[in-house]
Amino acid sequence: MERVLEGVKVLEVSAWAFVPSAGAVLADWGAEVVKVEPPDGDPMRGLVTGGITGGPSFPWEIWNRGKRSISLDLRHPDGRELVLRLAETADVFLTSYLAPTRCKLGIDVDDVRARHPGIVYACGTGHGPAGDEADKGGYDAISFWARGGLAASTTPPGTSRPVGQPAGAFGDSLSGMALAGGVAAALVRRARTGEGAVVDVSLLGTALWCMQMSIAGAAVLTAAAAAAAPTEPDDPTGETDGSGGSGPPNGSGSSSPQATNPLANPLVNTYRTADRRWLALCMLQRDVYWDGLCEAIGRPDLVTDPRFADPEARSRHTAEAVAELDATFATRTLAEWREALATQPGQWDVVKTVLELPDDPQARANGYVQPVAYEDGVQLPMVSSPAQIDRTPPPLGRAPGFNDDADDLLRAAGLSDDEILRHRIAGALT
């Protein structure tokens, strides 16, 4: 199968995870991605995570699979010239460097476009290309998760500290997918008009995209509350939570994230089973599924309970409904609830652990996780980019060794072996 970006050349001048993850997606889709590394390599090569040692560096492999590698010292005038020579033959220039560094190294938009006017120039930043903090660096734990509102929104009330990201590079990978999509859109425009484009994606911007339901919803609820009580005085104690409501941002009650929210739905919630597993209900049409769920879980009494007998009553007694469901789901195991919930049409699933994900039947059926082989029989499970073309998962390969492809890439750019040797002796080329 021909991959959709076959023939597209991407020059990636970046480090760590955000922008390299975009390069990995483009490589999955068939682009030739050339990774330009400094003389000491991308720091991700040597990153040890959580005390894990031995075998391939999985953070490096994940975000750099399928690429080629060349090491150039961009502080050296010849190294700068070489990267611009490579850019002349590329369709996309992909970078994580901030504007001041790009200008200092001579690889900013105008520098690259002077050599290749139609190139797609794509940047990944912490906080966007405009504003006072445009030149401020960022990491996903702070610019995406903390500043972007996700930490506060996922932290239960009474918790000693905000909840952390569910996985390393979580915000990086979401932002990288957005950047890859922006690059693909810019390539379509270039194919249609011949014009390049500058693509910008930031960690903060991606966080706001992910949080847009809450952003809009909070504004609507705040306006509704103000209209309902226009003469209510300010909180005399100053003990508001900043969420636009009167209760804790995530509600109260043992498992309900919205128990005090007048728009809350006890059927969009998580409930713990007798064997300490979790079930996630997502029955957005609460009043359509309420009766059937109550019958399926052996609580037909809740259907006729005056607190839950009609939609208005259920809205007034959300916290009580959550408490009843908490108590009920705690009486049986996950296996028992799987069987019971299969008898009703409402939507639900199991809260799975990371160790269970590669063996998920749907993950297997769709090739979402693929083993990549290394020396000594080591296999690393790698996740393919989620956008499949023609219902086929992209083939995944290993990340390149450091500077593995330097000579071949420079020869393809028109340099002779003598020129390559001269640059290596001068220190511009590792």
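I will try to describe carefully the structure that is included in this document. (Residues numbered from 1 in each chain as written. Predicted model: local features only at pLDDT ≥ 70, side-chain atom pairs only at ≥ 80, totals over all residues. Heavy atoms only, no water.)

Some details on the sheet that holds strand E1 (residues 9-13)
Strand order in this open sheet of six strands is E3-E2-E1-E4-E5-E6, and the pairing throughout is parallel. Both outer strands of the open sheet, strand E3 (68-71) and strand E6 (197-202), are each paired with one neighbouring strand and no more. Strand after strand, the sheet turns through a mean of 20° between neighbouring axes, direction not considered. Relative to E6, strand E5 (residues 120-125) runs parallel, the two sharing six bridges. When the sheet's bridge partners are listed, Val-120 is paired in E6 with Ala-197. Helix H8 (residues 170-193) contacts strand E4 (92-95), E5 and E6 of the sheet and is inclined by roughly 165° relative to E6. Set on the sheet, helix H9 (residues 203-210) makes contact with E5 and E6; between it and E6 the angle comes to about 70°. (Pairing = 2+ DSSP bridges. Helix = DSSP H or I, 4+ residues; strand = E, 2+ residues; numbered from the N terminus. Axes fitted to C-alpha atoms, helices over the stretch in contact; angles between N-to-C directions. Contact = heavy atoms within 4.5 Å.)

Structural notes on the nonpolar core
By size, the foremost hydrophobic cluster in this structure holds 31 residues, and its most contacted members are Val-10, Leu-26, Leu-94 and Leu-179. Looking at this core, the elements that each hand over two or more residues are helix H1 (18-28), E4, E5, helix H6 (140-146), helix H7 (150-154), H8, E6 and H9. Take this core: its biggest share by element is six residues, from H1. Leave out the neighbours within four places in its chain, and Val-10 touches Leu-26, Ala-31, Glu-32, Val-33, Val-34, Val-92 and Leu-94. Core analysis: the next-biggest nonpolar cluster, separate from the first, contains 28 residues, Val-34, Val-36, Ile-70 and Ile-119 among them. (Core = buried A, V, L, I, M, F, W, Y, C linked by side-chain atoms within 4.5 Å. Buried < 20%, exposed > 50% of the residue type's maximum accessible area, 1.4 Å probe, protein only.)

A word on the packing of aromatic side chains
Pairs of aromatic rings are described using the distance from one ring centre to the other and the angle between the two planes. In the structure shown here, the tally under the stated rule is seven aromatic pairs. Each ring, one from Phe-93 and one from Tyr-121, has its centre 5.1 Å from the other, and the planes form 10°; the classification is stacked. Taken together, the residues span a long stretch of sequence, with Phe-93 in strand E4 and Tyr-121 in strand E5 at a distance of 28 residues. Each member of the pair, Phe-93 as well as Tyr-121, carries the same accessibility label: buried. Relative to Trp-337, the ring of Phe-329 has its centre 4.7 Å away and its plane inclined at 55°; by these criteria the two rings are tilted. Phe-329 sits in the buried class, given a relative accessible area of 0%. (Phe/Tyr/Trp six-rings, centres within 6.5 Å; stacked < 30°, edge-to-face > 60°.)

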